[in-house]
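These are the residues of each chain, in order.
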Amino acid sequence: MTHDSDDELRSREERVAERLLGALEGGEAPRAPARSGGDEPDELLARLYTELLGVLPLALDERPPSPELRERVLAAASDEATVDADGPRRAEFPERAAGREGVGPAAGSPPAAAVAAGTAGAARGGRRRTAPGPGPRGAGRHGAGSPEQAPRRTAVPRRLAAAAAVLALALVGLGVFAGWLHGRLDAQDRTIAGLRASLEETERRAEALGVAQDDLERRRLDLASQLALVSTPGVEVCPLRPAGDPPRTGALGLLFLSNPGREWYVRVARLEPPPEGQVYVLWFQMGEDRYVPGGVLEPGYDDAAQLSGAEMPTAEEMTGAAVTLERAGERIERPDGPMVLFGDERVGML
Amino acid sequence: MPSETQLPPRAREQELLRRVAGGDAEALGELYDRFAGTLNALATRILGDPADAEEVLQEVFVHAWRRADGYDPTRSSVSTWLILVTRSRAIDRLRSRRVVERTAGEARHEVDRHESPAGARRVQEGERRRRVREEMSRLPAEQRRVLELAYYGGFTQTEIAQEVGIPLGTVKTRTLLAMRKLRQALRGELRDLL
């Protein structure tokens, strides 16, 4: 059944286990299993040892944390989702464009945009706060008729007036540019949102393909080990037949038991889905009236269910097997529900 | 709930994590409900302080929220990923606190309890826990000790050798023997996680 000698297998196991322990020692989660040149047995061993490191804490009693912790975790996640979704800089642009005072523009926008927006508003007859200085038209509104102002205005050189007009025009131009830029940024935002949605959809599809591939690989590994068991010389078979009169199921099963050794594998074909709230449980019969659970049988996509184990649950000799319908979610120590399949003989196959 | 019964547990957990990666907070809550008890037990076991353990737990689930898209199903199951992240964070905190002696003392106390887990939701999960406890208790005491010092105590093998007073080579041998025995004894349970 094994392809390596015992020594080779032992040294490979030690190499893989030592590498994983080294990663743990560094306080980090073990990295990817060895994929050196497609060395499949090392990959499988590394994956098994990784999962072993993941089941060790199951030996501890569960310890529910305080109820407040759940709220804190979900609140922390919600806060992060809010920051990502709102994009505060983008959300502020429309308000800024409307001439909100005193708000500094975001990075990348011309600093004069806010001023220009106010000036543009002034040009439309709105705000006057940023008027740069008295010009020909604004002069009258700023109290040109007061006796103190009149002598100064008449003395302002033409060059200053021209400079003021040029500056005003430049600021108006900047305001127009800012409006154009905002429009372009909005269009860019929409494009980014569309691309992000496409990327997320593509990632979801790629993930689904990855999960499907992973499932296929797992099935391949399962089939390989099951084939190895059922073709082992000396393997014994315990046929599982429908129980009840009339029979409670149309399913049929075979339980393979390696001999010597105690590795087992059961496959049940044409097993209907269990009723709501119930599960199929495999039992090994030890002696006259003692049963030990072997696990829950779950029909797959092809209405077949299978389970396997490295060894029988107890050292006692198995005298038979059964499948019963039990209530889901309950811990049971012996069969309680109706028997669906049973087997009471062991036949040597090879 | 039809989706719960149709998907095997492992596929269900991967589906949850995929939804978390997509920003589904409800899926994060479900992931929390499924694993918080085990992860908290692990963190408490390592740190010896429930408050510290809960801080680590919060870090772990925030990490899961942020980095669910980095989970690789070819490397480990979802449960193992979360457990190893929890262990890593707890060990980091432990080392920074340097309360080695207190943790070693608690290690010897915790391992001997064999109570039924409260709140086991399925026959399969309860059976797996029972099997792991059973096989851990079957390990020779000296092998179990070095494994637990490495796993829960965050000790390096050199530190274990000093702590226990045995050669470094003996520590390595005992640890590897323990892991090989467990890997063989729990082969069925581990294959369910592949």
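Residues numbered from 1 in each chain as written. Chains lettered and ligands numbered in written order. Predicted model: local features only at pLDDT ≥ 70, side-chain atom pairs only at ≥ 80, totals over all residues.

**Topic: the interface of chain A and chain B**
To be explicit about the condition: C-beta atoms are first placed from the backbone for all residues, and any pair lying within 7 Å is then listed as a contact. The helix and strand labels rest on DSSP assignments: H or I over at least four residues marks a helix, E over at least two residues marks a strand, and numbering proceeds from the N terminus. Residue type decides the class: Asp, Glu, Lys and Arg count as charged, Ala, Val, Leu, Ile, Met, Phe, Trp, Tyr, Cys and Pro as nonpolar, and the leftover types, Gly among them, as polar.
Across the contact, 61 residues belong to chain A and 74 residues belong to chain B. If you list the elements that add at least two residues to the side of chain A that touches chain B, you get α1 (6–25), α2 (40–55), α3 (67–86), α8 (158–230), β4 (278–286), β5 (290–297) and β6 (305–309) of chain A. No other element matches the 10 residues that α3(A) contributes to the side of chain A that touches chain B. Taken together, the residues of the side of chain A that touches chain B break down into 33 nonpolar, 10 polar and 18 charged.

**Description of the nonpolar core**
For the record, the criterion: Among buried residues, those of type Ala, Val, Leu, Ile, Met, Phe, Trp, Tyr and Cys that are joined through C-beta atoms within 7 Å form a set called a nonpolar core. Our exposure labels follow a C-beta count within 10 Å of each residue's own C-beta, placed from the backbone: buried means 20 or more other C-beta atoms, exposed means 12 or fewer, and partly exposed covers the counts in between.
Ranked by internal contacts, the top residues of the largest apolar core, which has 70 residues, are Y49(A), L52(A), V20(B), L39(B), A43(B) and L82(B). Apart from residues lying up to four places away in sequence, Y49(A) is in contact with V16(A), A17(A), L20(A), M179(B) and R183(B). Grouped together as the second largest cluster of nonpolar side chains are 28 residues, L257(A), V279(A), F284(A) and M318(A) included.

**Looking at helix α2 (residues 9–21) of chain B**
Residues and elements named next belong to chain B. Quick note on the threshold: Helix span, expected: 1.5 Å multiplied by one less than the number of residues in the helix.
In a regular helix each residue adds 1.5 Å, so 13 residues correspond to 18 Å; α2 covers 18 Å between its end C-alpha atoms and thus fits that length. Every buried residue belonging to α2 is among E13, Q14, L16, L17, R18, V20 and A21, and all of these are buried. Just downstream of α2 lies G23, where phi reads positive at about 90 degrees.

**Notes on the packing of helix α9 (residues 157–164) of chain B against helix α10 (residues 168–185) of chain B**
All names here are of chain B. Stated formally: Angles here are taken between N-to-C directions and fall from 0 to 180 degrees, while the axes themselves are lines fitted to C-alpha atoms, restricted in helices to the stretch in contact. For this classification, under 35 degrees means roughly parallel, over 145 means roughly antiparallel, 65 to 115 means roughly perpendicular, and everything else is oblique.
The geometry of α9 relative to α10 is characterised by a closest axis approach of 8 Å and an angle of 110 degrees between their N-to-C directions. Classed by the angle they form, the pair α9 and α10 counts as roughly perpendicular. Residues Q157, T158, I160 and A161 of α9 touch α10, and the partners they reach there are L168, V171 and K172. Classifying every residue of the contact of α9 with α10 gives four nonpolar, two polar and one charged.

**Some words on the packing of helix α8 (residues 141–151) of chain B against α9(B)**
Residues and elements named next belong to chain B. Short version of the rule: Each helix crossing is assigned a hand: it is left-handed if the near helix lies turned anticlockwise from the far helix by less than a right angle, otherwise right-handed if that turn is clockwise.
The interhelical angle for the contact between α8 and α9, taken along N-to-C directions, is 130 degrees, at an axis separation of 10 Å. When the interaxial angle is binned, α8 and α9 end up oblique. Taken as a pair, α8 and α9 cross one another with a handedness that is right-handed. Of the residues in α9, those touching α8 at V146, L149 and A150 are Q157, I160, E163 and V164. A class-by-class count of the residues in the contact of α8 with α9 yields five nonpolar, one polar and one charged.

**Considering unusual backbone geometry**
The omega torsion of the bond from D245(A) to P246(A) falls at 0 degrees, within 30 degrees of zero and hence cis. For R270(A), which is not a glycine, the phi torsion comes out positive at approximately 60 degrees.

**Quick word on the confidence of the model for chain B**
Residues and elements named next belong to chain B. For clarity, the threshold we go by: Along the chain, pLDDT gives the predictor's confidence residue by residue, from 0 to 100.
Model confidence for chain B is summarised by a mean pLDDT of 83, while 82% of its residues fall at 70 or above. In this model, residues 1–5 is a region of pLDDT below 50 whose contacts with residues beyond four sequence positions or in other chains number one contact. Overall, residues 107–121 carries pLDDT values under 50, and its contacts beyond four positions in sequence, including any with other chains, amount to 25 contacts. Reported confidences for the modelled complex are a pTM of 0.48 and an ipTM of 0.85.

**Some words on the confidence of the model for chain A**
Residues and elements named next belong to chain A. The pLDDT averaged across chain A works out to 70; a share of 55% of its residues lies at or above 70. Considering each helix and strand of chain A separately, the mean pLDDT is smallest for helix α4 (residues 88–97), with a value of 38, and largest for strand β8 (residues 339–343), with 93. Low confidence marks residues 32–38, where pLDDT is under 50. Its contacts with residues over four positions away, or in another chain, come to 13 contacts. Here residues 87–151 is a poorly scored stretch, pLDDT under 50, and it has 67 contacts once near neighbours within four places are set aside; other chains count.

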